[in-house]
Amino acid sequence: MERITSFTIDHTTLMPGIYISRIDGDIVTYDLRVCRPNHPPFMEVPAIHTIEHIFATLARNSAMKDSIIYFGPMGCRTGFYLLVRNPDHAAVIDLIRECFSRISSWQDKIPGTTAAECGNYLEHDLPTARKYAADYLTVISQWDDTKLNY
């Protein structure tokens, strides 16, 4: 079998940041690498879940809402994938910064946290999600579209 694209990236040298993982026609997959791979501690699942709920809600309510295809966590617990249709890379980076900024100071109820809305609605951790978001913001504060390549 062919190796999938994400397995061809050298995870021993990959650092936190924002990268283009792949391009499929008009859909770009962004790698939002929050933690350095293979260097524990990794993100905790409840906080990942909280970031997923808040980021997805914010992105799908943003000016880019019609272009957002998917936002979700990586199984390795080091980041997230964001899929966007026909993106302007600079605008996507701005959206990512805006979402993580808002998550870092989120005070509202976490969206989608009832049994009817989520299959694991009780597993959330807002304080830790805020910390991960704030830490990631320091990494991406000066990120621009010239840094998107692995």
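Placed above this text is the structure.
The numbering scheme is per chain: residues are counted from 1 as the chain's sequence reads. Since the coordinates come from a predicted model, pLDDT governs what is reported: local features require at least 70, and pairs of side-chain atoms require 80 or more to be given and counted, while whole-chain, interface and lining totals use all residues. Think of the side-chain values as coming from all heavy atoms in the structure, minus any hydrogens and water.

*Asks:* Can you explain the pattern of salt bridges? Please cite residues and give values.
*Replies:* Within this document, salt bridges are pairs made up of a side-chain nitrogen of Lys or Arg and a carboxyl oxygen of Asp or Glu, the two lying within 4 Å of each other. Counted under the stated rule, the structure contains five salt bridges. One salt bridge in this structure joins Asp24 and Arg22, with 2.7 Å as the shortest N-O distance. With a closest N to O distance of 3.0 Å, Asp94 and Arg97 form a salt bridge. With a gap of three residues between them, Asp94 and Arg97 both fall in helix α2 (residues 89-104), about one helical turn apart. In DSSP terms, a helix is any run of H or I states spanning at least four residues, a strand is any run of E spanning at least two, and both are numbered starting from the N terminus.

*Asks:* An account of the sheet that holds strand β1 (residues 17-24) is needed here, citing residue identities and associated values.
*Replies:* For two strands to count as paired, DSSP must find a minimum of two bridges between them. Sheet architecture is open: four strands sit in the order β1-β2-β4-β3, paired in antiparallel fashion. Each end of this open sheet is capped by a strand with a single partner; those strands are β1 and β3 (68-73). The average angle at which neighbouring strand axes cross in this sheet is 20 degrees, direction not considered. Taken together, the seven bridges between β1 and strand β2 (residues 27-33) define a ladder with antiparallel strand orientation. By the bridge assignment for β2, Ile23 is matched with Val28. It only takes one pair of heavy atoms within 4.5 Å for two residues to be counted as in contact. Axes here refer to lines fitted to C-alpha atoms; in helices the fit is confined to the stretch in contact. Angles between the N-to-C directions go from 0 to 180 degrees. Sheet contacts for helix α1 (residues 45-59): β2, β3 and β4 (79-85); angle to β3, the most-contacted strand, approximately 165 degrees.

*Asks:* Go over α1, please, and point to the residues and values.
*Replies:* Expected span of a helix, by definition, is 1.5 Å for each gap between consecutive residues, and there is one gap fewer than residues. Taking 1.5 Å of rise per residue, the 15 residues of α1 would be expected to cover 21 Å, and the 21 Å separating its terminal C-alpha atoms lies within 8% of that figure. Burial of α1 is extensive: 11 of the 15 residues sit out of reach of the surface. Taken together, the buried positions of α1 are occupied by Ala47, Ile48, His49, Thr50, Ile51, His53, Ile54, Phe55, Ala56, Leu58 and Ala59. The inward-facing, buried residues of α1 abut β2, β3, β4, α2 and α3 (126-140). Each residue is placed in one exposure class: buried if its accessible area under a 1.4 Å probe, protein chains only, is under 20% of its type's maximum, exposed if it is over 50%, and partly exposed if it falls in between.

*Asks:* Break down the packing of aromatic side chains for me, citing the residues and quoting the values.
*Replies:* Pairing of aromatic rings covers Phe, Tyr and Trp, the last through its six-membered ring, and needs centres within 6.5 Å; plane angles under 30 degrees mean stacked, over 60 mean edge-to-face, and all others mean tilted. One pass over the full model with this rule turns up seven aromatic pairs. Taking 3.9 Å as the distance between ring centres and 15 degrees as the angle between the ring planes, the aromatic pair formed by Phe55 and Phe71 counts as stacked. Highlighted residues: Phe55 in helix α1 and Phe71 in strand β3, separated in sequence by 16 residues. Comparing Phe55 with Phe71 shows no difference in burial state: the two are buried. The interplanar angle of 15 degrees and the centroid separation of 5.0 Å between the aromatic rings of Phe71 and Phe80 together place this pair among those described as stacked. The rings of Phe55, Phe71, Phe80, Phe100 and Tyr136 are connected pair by pair, giving a single aromatic cluster. Note on geometry: a ring has a charge over it if NZ (lysine) or CZ (arginine) is within 6 Å of the ring centre and within 35 degrees of the ring normal. The lysine or arginine in question, Lys147, covers the ring of Trp143, its NZ or CZ lying 5.6 Å from the ring centre.

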